[in-house]
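Residue-level listing of the chains:
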Amino acid sequence: MSNDQLAQTPLFDWHCAHGGRMVEFAGWSMPVQYTGIVEEHQATRTAVGMFDISHMGRVLVNGPDAARYLDRLLTRAVVDMKPHQIRYSLICNETGGILDDVLCYRVTLENGEPSGYGLVVNAGNRHKILSWMEAQQTDFDVQLEDITNTYGMFAAQGPRAIEILDPYVSCELTSLRYYTGQVAQVCGVECFVSRTGYTGEDGCEIVCPAEQLTGVWEQIIQAAATVEGRAVGLGARDTLRLEAGMPLYGHELDETINPVQAGLDFAVNLRDRDFIGREAILGFQRDHKQSVRVGIQMEGKRVAREGAPILLGDQQAGAVTSGTFSPTFNHPIAMAYVCSSAAAPGTPLAVDVRGKEHPAQVVPLPFYERGK
Amino acid sequence: MKQEDLRYAKTHEWVAVSEEGGTQIATVGISAFAVEALTDLVFIELPAVGKQVEAEQPFCEVESVKAVSDIYAPVDGEVVAVNTALPDALETLSNDPYGAGWIAKIKITNDAGLANLLDYSAYQKQCQE
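Report on the accompanying structure. Predicted model only: the values in this text are computed from it and were never measured.

Okay, the overall build of chain B next. Each helix and strand counted, chain B has three helices and nine strands in total. Its C-alpha atoms give chain B a radius of gyration of 14 Å, near enough to 14 Å, the size a compact globule of 129 residues would have. Each of the three principal axes of chain B carries a C-alpha extent, and together these read 40 × 30 × 25 Å. In chain B, once contacts between residues fewer than 6 apart in sequence are set aside, the share between residues at least 24 apart is 57%. With the model as given, the accessible surface of chain B reaches about 6100 Å², and the carbon-plus-sulfur share is 47%. Separation of charge centres in chain B, based on 8 positive and 21 negative side chains, amounts to 5 Å.

So this is what it looks like as structure tokens:
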């Protein structure tokens, strides 16, 4: 795909003007880094990182049957969601394969009144999920609206994110609990603000009308700069989420992977409800032989990248799905799927990195947890 | 070494050729442009001294946070020295890429590969494309 066919976020010109190294990601032209992955990663862990996440798909679900309809689609319950609430959930097919991992929002206005539902889906799955949603719509009175292009979205993440954002946001951010959100004025612009993220840090994600995004972003990034905060590209977004043990669709998750082996049981509510994929997932819960997602820590500095075979003795036990050099721990880390006999923490393994075996071991996820 | 006096492979290695006791030695490193493009280097796997290398074939690997990259030999020959200080001081590659950041010295057995190298201005032009 040539560059001129790529979609551009409302911040495209800003990225180019600020040294963003632009790359293709899921059909979008996105900054992979500005000054360097390690620098941007550390800024997020110690101060605040600002991420353009406008490429993520945003879909509103309204109508009398919206809750019941989403409850059928999502592995996690929706009908009992209270105003402000946000839930991480999966969308599975009938065989329990993961179509996407999403955030489901009980959209809530500034006065506290709920107003329909929202989904944020992976950029690369947006069209697939929209088609899937339309195909499941027939028995429900719902309206779907793809607002990906009319709104942009950014995240401010890090231990100082809340204090930096607070003066610019009309609602009381410190009392907005983790995984809640609402409509609020940000720099005088009506946005949707949520206490969510994909870095393992505290912070917010903000959905903002596309034409006002650059203005809002510039004000917040100026404030962030006063505490050594900075814009962060997709490169550090990947190292941050990997340290936090968070799966990435297309790597740890796809349609051949089910929620149980992905270790995402917490995102599946099986009791007293029905949803697409439920029967299959019940079956996977009884299958103790399937391969599972684990953390891998390497000895030495060689990085095990996606696809690297994992060996237990002289047998292949699995393969790496994401790997990087951890800037926080200063050694390589990876996530992988390995057979159940190789999955216990402490299991000594080897990873084949470009034809050479390197010692490694299974470690619990996440690699990184922020201090509370 | 002055970067203007070096020759460059299309794959971003620089090469300085010298005469030592009747044999030609190629000193090899990677250009400032390559170091800048790779960013966040975390590891280098130096070739073993004595390793036979072939022109335009990988003989060394450098790992950044984002990806692993091959470094290619510019000539046929034998590795006679490697910069053992580098693995513990990767910042040398960006601080002094054409001096203390040298990677390996290759005793040239066939210098045909040299003819494919670019001079400084031709390499600069490639980097701007």
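Let us look at the packing of aromatic side chains. As enumerated under the stated definition, the model contains eleven aromatic pairs over all chains in all. Ring geometry for F154 of chain A versus W217 of chain A: centroids 5.9 Å apart, planes at 90°, classification edge-to-face. Taken together, the residues F154 of chain A in strand β10 (residues 151-157) and W217 of chain A in helix α6 (residues 210-225) connect sequence positions 63 residues apart. Exposure class is identical for F154 of chain A and W217 of chain A. Each is buried. Between Y8 of chain B and Y98 of chain B, the aromatic rings sit 6.5 Å apart at their centres with planes inclined by 85°, giving edge-to-face as the arrangement.

When a protein is soluble and globular, its nonpolar side chains tend to lie buried together. Residue and element names in this part refer to chain A. With 38 residues, the main nonpolar core has Y88, L90, I98, Y105, L253, A262 and I281 as its most contacted residues. Those residues in contact with I98, other than ones at most four positions away along the chain, are L90, I91, C92, Y249, L253, D254, E255, I257, N258, P259 and A262. Formed by 33 residues, the second largest nonpolar core is a distinct cluster that contains L11, I206, V216 and A224.

Another point: the sheet that holds strand β19 (residues 348-353) of chain A. All names here are of chain A. Spatially, β15-β18-β17-β16-β19-β20 is the arrangement adopted by the six strands of the closed barrel, whose pairing is antiparallel. The mean angle between the axes of side-by-side strands here comes to 40°, regardless of whether they run parallel or antiparallel. Judged from the four bridges that link them, strand β16 (residues 309-312) and strand β17 (residues 315-326) form a sheet pairing that is antiparallel. Within the sheet, the bridge partner assigned to L312 lies in β17 and is Q315. Most of the contacts of helix α7 (residues 234-243) go to β17, to which it runs at about 125°, and overall it touches β17 and β18 (331-338).

Residues and elements named next belong to chain A. At a minimum axis separation of 8 Å, helix α2 (residues 37-46) and α7 run at an interaxial angle of 55°. By the angle between their directions, the pair α2 and α7 is classed as oblique. Here α2 and α7 pass one another in a crossing that is right-handed. Where α2 abuts α7, its residues I37, E40, H41, T44 and R45 lie against G235, A236, T239, L240 and E243. Each residue belonging to the contact of α2 with α7 can be placed in one class, and the counts come to three nonpolar, four polar and three charged.

Counting residues at the interface gives 16 residues for chain A, matched by 15 residues for chain B. With both sides pooled, the region where chain A packs onto chain B buries about 1400 Å², and carbon together with sulfur makes up 45% of that total. It is R302, R305 and R354 of chain A that lose the most area in chain A upon contact with chain B, and together they represent 41% of the buried surface on that side. At the surface where chain A touches chain B, the tally comes to eight salt bridges. Measuring nitrogen to oxygen at the nearest pair gives 3.0 Å for the salt bridge that ties D70 of chain B to R354 of chain A.

Cut-off values and rules
Residues numbered from 1 in each chain as written. Chains lettered and ligands numbered in written order. Predicted model: local features only at pLDDT ≥ 70, side-chain atom pairs only at ≥ 80, totals over all residues. Heavy atoms only, no water. Helix = DSSP H or I, 4+ residues; strand = E, 2+ residues; numbered from the N terminus. Rg over C-alpha atoms; globule rule 2.2 N^0.38 Å. Contact = heavy atoms within 4.5 Å. Areas by Shrake-Rupley, 256 points an atom, 1.4 Å probe, with all protein chains shown as cover. Lys, Arg positive; Asp, Glu negative; His and termini not counted. Charge placed at Lys NZ, Arg CZ, Asp CG, Glu CD. Phe/Tyr/Trp six-rings, centres within 6.5 Å; stacked < 30°, edge-to-face > 60°. Buried < 20%, exposed > 50% of the residue type's maximum accessible area, 1.4 Å probe, protein only. Core = buried A, V, L, I, M, F, W, Y, C linked by side-chain atoms within 4.5 Å. Pairing = 2+ DSSP bridges. Axes fitted to C-alpha atoms, helices over the stretch in contact; angles between N-to-C directions. Parallel < 35°, antiparallel > 145°, perpendicular 65-115°, else oblique. Left-handed = near helix turned anticlockwise from the far one by under 90°. Nonpolar A, V, L, I, M, F, W, Y, C, P; charged D, E, K, R; others polar. Buried area = accessible area lost by both parts, 1.4 Å probe. Salt bridge = Lys/Arg side-chain N within 4 Å of Asp/Glu carboxyl O.

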